[in-house]
Amino acid sequence: MNFLVKQYLNDNKNKIKHNYLSKQFSDYKIIFKKIEKIIKFGDYTLGNQVKIFENKFKKLQKSKYAIAVGSGTDAIMLSLKALGIKEGDEVITTPFTFYATINAIVTAGAKPIFVDIADDFNIDPNLIEKKITKKTKAILPVHWTGRICDMSKISKIAKKYKLKVVEDACHSINAMRNKKYAGNFGDYGCFSMHPLKNLNVWGDGGVVVTNNKKLADKMNLLRNHGLVDRNTNKIYGYNSRLDTIQAVVANHLLKKINLITNARIKNAHYLDRNLKKIKSLNILERNKNLKEVFHIYSIKAKNRDKLVNFLKKKGIDAKIHYPKPMHFQPAYKIISLKKEKYPNSEKACKETFSLPVHEFIKKNDLDYMIDSIKKFYNEN
Ligand SMILES: *Cc1c(COP(=O)(O)O)cnc(C)c1O
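Everything numeric in this text was worked out from a predicted model, so none of it was measured. (Residues numbered from 1 in each chain as written. Predicted model: local features only at pLDDT ≥ 70, side-chain atom pairs only at ≥ 80, totals over all residues. Heavy atoms only, no water.)

Moving on to the pairing of strand E8 (residues 188-192). A large share of E8 lies buried, amounting to five of its five residues. Burial of E8 is two-sided: the residues Tyr188, Cys190 and Ser192 facing one way and the residues Gly189 and Phe191 facing the other way are all buried. (Buried < 20%, exposed > 50% of the residue type's maximum accessible area, 1.4 Å probe, protein only. Helix = DSSP H or I, 4+ residues; strand = E, 2+ residues; numbered from the N terminus.)

Describing an aromatic ring pair means giving the distance of the ring centres and the angle of the ring planes. Here the structure, examined in full by the defined rule, presents 17 aromatic pairs. Summarising the aromatic geometry, the rings of Phe96 and Trp144 are spaced 5.1 Å apart at their centres and angled 55° between planes, so their arrangement reads as tilted. With Phe96 in the loop between strand E2 (90-93) and helix H6 (99-107) and Trp144 in the loop between strand E4 (136-139) and helix H7 (151-161), this residue pair connects regions lying 48 residues apart in the sequence. Trp144 shares its class with Phe96; the two are buried. Through pairs of rings, three or more aromatic residues link up here, namely Phe96, Phe98, Tyr99, Phe121, Trp144 and Tyr322. Stacked on the ring of Phe98, the Lys or Arg Lys197 has its end atom at 5.9 Å from the ring centre. (Phe/Tyr/Trp six-rings, centres within 6.5 Å; stacked < 30°, edge-to-face > 60°. Lys NZ or Arg CZ within 6 Å of the ring centre and 35° of its normal.)

Next up on the list: the pairing of strand E15 (residues 352-355). Side chains Thr352 and Ser354 of E15 all project onto a buried face; the interleaved residues Phe353 and Leu355 project onto the opposite face, where all are buried too. Examined bridge by bridge, strand E14 (residues 297-301) and E15 share four bridges and lie antiparallel to one another. Residue pairing across strands places Ser298 opposite Ser354, the latter belonging to E15. (Pairing = 2+ DSSP bridges.)

This is the structure we're talking about:
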């Protein structure tokens, strides 16, 4: 069942890769030195480096509080739990996301209720109200690819129906909408530091931001067995803490986060300008009020599957994020027997593909990708 071993081997064969980690951590010896100090001191779980990380992260996202947890998935699941979401409750989200969004809702005990996406791949706020029932407790917008959802509309709906809002901002470190950073629109904002995310560590890691002291306190309790101190178990909680060693890696990379983000934006804009000319592709309009951080550079393409295979043969790691919407997954059967259609999500799964735009992609890599796509469509 561990398909990852083989996947890593295959992904590493490409000339132009999505996975850039050997370069990302080519200065690993500096990190080793810092880890050495941890080994001498021994504060492996929620140690001083975690505290330093939380302080740096809340400044980065301009939030009042940041609480580091075990993964992005835990960040979402614990947020729902902290907001009192329980068995029988409904949480509104999108079927065009990564599995973790849905897993977090279901493991929190709630039922995911899907609302289709709009043309920007994000949940369509105009379709949300129709799905609200007496059981609805929260909206969980996913800022897909690092493009923040229309949060003013979503917040208005949440206010009107007294719903909680948890942002899945796992793609959106450093992203902004109307000059406001991801994570500050809802009750909680959830981030992932999985090795392939924009800010990455040497394994799993996540972080939650909030601007509400009570919610920060609750999250602090929930992630660490509900302990206020060594001898007091105030509430029942979980064990979902960021390892101190991972915090060392995160702190090291945080210094480069602006460089990482800016390189992604620059690469994406270069692709935008050049790929726009290809008639068989459909590039999103970029909204001036958004700072998109392009965790994924996603485009719609005619003949998508053939194009992706063609690019793979050319050594370009073109990826599909993701080929099936959540309601087509086998796991979904336990949640609903009702067959509902989400046509935009289904279409996005059939038509979109992604190209790597990380900070180690150079201009000649971008040109090679552009030329290869032109070749495929005979548009030279
Ligand atoms: C990566 C991701 C998550 C989960 O993050 P992990 O750290 O891998 O648990 C959640 N939602 C989305 C949209 C993601 O891409």
